[in-house]
Structure formats: C-alpha cells, structure tokens
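# Survey of secondary and tertiary structure
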Amino acid sequence: MTCPRCDSTLERYALDGETALACRACGYLGVTVEHRSERRERESWEAALARFRRGG
Ligand SMILES: [Zn+2]
C-alpha cells in the first residue's frame, strides 16, 4: 500500500485497537476505523498524531 500524496510505502501502526497507515516521508496519516466511538476516537487520534509527529 502506498501513500496517496507522495507514493512512498506506508507503514502500519496499531493504535489502541485501531490500525493507522502512516507515511514517514510526508507525514500523511490514514486511518482504518474498525470500531467507532466518536469522542474517544478523536482524543486517541490526537494523542497518536502528537506521538507520530514527535518522531516516534
Ligand atoms: Zn507520503
């Protein structure tokens, strides 16, 4: 699977029961939602993004 922005290879991350596809090259972050729970999901994604942008 490749990045829709820059065509680099996406990496998979398992985050709190969900799977994210992230591109280190351009910072793209895609989400495959497996279970929805509105508010909690949004909070966990902000935390995930913060962690990702810190370079984790
Ligand atoms: Zn990319």
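Coordinates for the structure precede this section.
The shown structure was predicted, so the numbers you read here are calculated from the model rather than taken from an experiment.

### Side note on the coordination of the zinc ion
Ligation of the zinc ion by protein atoms is provided by C3 (SG), C6 (SG), C23 (SG) and C26 (SG), these donors lying 2.3 to 2.4 Å from the ion. Coordination at the zinc ion is tetrahedral, judged from the 4 donor atoms that bind it and the angles of 101 to 118° they form at the metal. Here the donor residues of the zinc ion are spaced in sequence according to C-x2-C-x16-C-x2-C. One end of the pair, C3, is in the segment before β1 (11-15); the other, C26, is in the loop between β2 (18-22) and β3 (29-32), with 23 residues separating them in the sequence. Residue class for C3 comes out buried when judged on its relative accessible area of 2%.

### Describing the packing of aromatic side chains
The geometry of two aromatic rings is summed up by the distance between their centres and the angle between their planes. All told, the structure shown has 1 aromatic pair when counted by the stated rule. Aromatic side chains Y13 and F52 sit 6.1 Å apart centroid to centroid with 80° between the ring planes, which places their arrangement in the edge-to-face category. A residue pair is termed long-range when its members are at least 10 positions apart, and Y13 in strand β1 and F52 in helix α1 (residues 38-53) qualify at 39 residues. On the basis of relative accessibility, which here comes to 21%, the residue Y13 falls in the partly exposed class. On the basis of relative accessible area, F52 is assigned to the buried category, the value being 18%.

Criteria and thresholds
- Residues numbered from 1 in each chain as written.
- Predicted model: local features only at pLDDT ≥ 70, side-chain atom pairs only at ≥ 80, totals over all residues.
- Heavy atoms only, no water.
- Donors = N, O, S within 2.8 Å, 3.2 Å for Na, K, Ca; no water.
- Tetrahedral: all angles 85-135°; square planar, octahedral: opposite > 155°, others 65-115°.
- Helix = DSSP H or I, 4+ residues; strand = E, 2+ residues; numbered from the N terminus.
- Buried < 20%, exposed > 50% of the residue type's maximum accessible area, 1.4 Å probe, protein only.
- Phe/Tyr/Trp six-rings, centres within 6.5 Å; stacked < 30°, edge-to-face > 60°.

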